[in-house]
Amino acid sequence: MMYELNEKWKLYYSETDPAKRRELFDAAVADNAEEDAAPLRKRLYECRYTGDGADMMIRLIMGSISAAQVVRFALKWNVKSIKKDMERAGFKTGFDAGDTGRECLFHEIKNGVKRYIETCRSDSYGSAFSGMIKISRDEQHGRMTKELYNMTYGLMEKSAGIEVERFREYMLLFSEATEEAYQEEFQKPLGRSTR
């Protein structure tokens, strides 16, 4: 585990529904009145969930999955686009706040990955022809695992040598948080063993 989580924040980071998370945030702040990271956690929440109801972490995950499929010569534009999505989702805010910011961001990323994994369990995930042709649970799991691997380790490997400020350090934290979320969910590593 990269970062230990305070017991009073565990419920907040384990909940994936944005409205319920906001309620849990308010309760956790009341219980941790002396904690100085509460304004940062609130700012990361506000970066992640936009006024129109979008979840920027899910947008980042979907964009990263798409970018991992792009041919090498067009990848630099996609890397720049992913970095912008990362910053909209709160990466710059987290990194600029030092170790505490990285820790809060790490848990926010894990929560986003957990939400993505939940969506991959729906009957429509991986289906074809408007849901008429379904795939098995094992096929769903394999597809989701491959997507998570490709959007993290695969994208880092594919984008090696492409210099975009802060992208590599953002990707490292994104990959580590995704790895930990996957391990907690499935009790096995996502990493290189899934190739």
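Residues numbered from 1 in each chain as written. Predicted model: local features only at pLDDT ≥ 70, side-chain atom pairs only at ≥ 80, totals over all residues. Heavy atoms only, no water.

1. Some points on the pattern of salt bridges
Thinking step 1. For the structure shown, the criterion picks out 17 salt bridges.
Thinking step 2. Glu184 is the partner of Lys110 in a salt bridge, and the nearest nitrogen-oxygen pair spans 2.7 Å. Remark: Glu184 occurs in helix α9 (residues 167-186) and Lys110 occurs in helix α7 (residues 98-119); sequence separation between them is 74 residues.
Thinking step 3. Residue Lys110 is classed as buried on the basis of its relative accessible area of 11%.
Thinking step 4. Classification of Glu184 by relative accessible area gives partly exposed; the value is 42%.
Thinking step 5. Here Arg166 ties to Glu169 by a salt bridge, and the two come within 3.5 Å at their closest N and O atoms. (Salt bridge = Lys/Arg side-chain N within 4 Å of Asp/Glu carboxyl O. Helix = DSSP H or I, 4+ residues; strand = E, 2+ residues; numbered from the N terminus. Buried < 20%, exposed > 50% of the residue type's maximum accessible area, 1.4 Å probe, protein only.)

2. Quick word on the packing of aromatic side chains
Thinking step 1. Within the structure shown, the criterion is met by 11 aromatic pairs.
Thinking step 2. Taken together, a centroid distance of 5.6 Å and an interplanar angle of 45° make the contact between Trp9 and Phe25 tilted. Separated by 16 residues along the polypeptide, Trp9 in helix α1 (residues 7-14) and Phe25 in helix α2 (residues 18-31) bring together distant segments of the chain. For the pair formed by Trp9 and Phe25, the shared burial category is buried.
Thinking step 3. Each ring, one from Phe91 and one from Phe174, has its centre 6.2 Å from the other, and the planes form 70°; the classification is edge-to-face. With Phe91 in helix α6 (residues 91-96) and Phe174 in helix α9, this pair connects stretches of sequence that are 83 residues apart. Of the two residues, Phe91 and Phe174, both sit in the buried class.
Thinking step 4. Aromatic ring contacts, followed pair by pair, group Trp9, Tyr12, Tyr13 and Phe25 into a single cluster.
Thinking step 5. Sitting over the face of the ring of Tyr12, Arg21 holds its NZ or CZ atom 4.2 Å from the ring centroid. (Phe/Tyr/Trp six-rings, centres within 6.5 Å; stacked < 30°, edge-to-face > 60°. Lys NZ or Arg CZ within 6 Å of the ring centre and 35° of its normal.)

3. Quick word on the state of the cysteines
Thinking step 1. Counted according to the given criterion, the structure contains zero disulfides.
Thinking step 2. In this structure Cys47 is a free cysteine whose sulfur lies 12 Å from that of Cys104, the closest cysteine sulfur available.
Thinking step 3. We classify Cys47 as buried; its relative accessible area is 8%. (Disulfide = S-S within 2.5 Å.)

4. Describing the side chain of Arg21
Thinking step 1. Within the secondary structure layout, Arg21 lies in helix α2.
Thinking step 2. Engagement of the side chain of Arg21 in a polar contact is seen with the backbone oxygen of Tyr12, the distance being 3.2 Å.
Thinking step 3. Residue contacts for Arg21: discarding those within four places in its chain leaves Tyr12, Tyr13, Glu15, Thr16, Tyr45, Arg48, Tyr49, Glu108 and Asn111. (Polar contact = N/O pair within 3.5 Å; in protein donor to acceptor, adjacent residues only side chain to side chain. Contact = heavy atoms within 4.5 Å.)

Remember, this is a structural readout, not a statement about activity or role.
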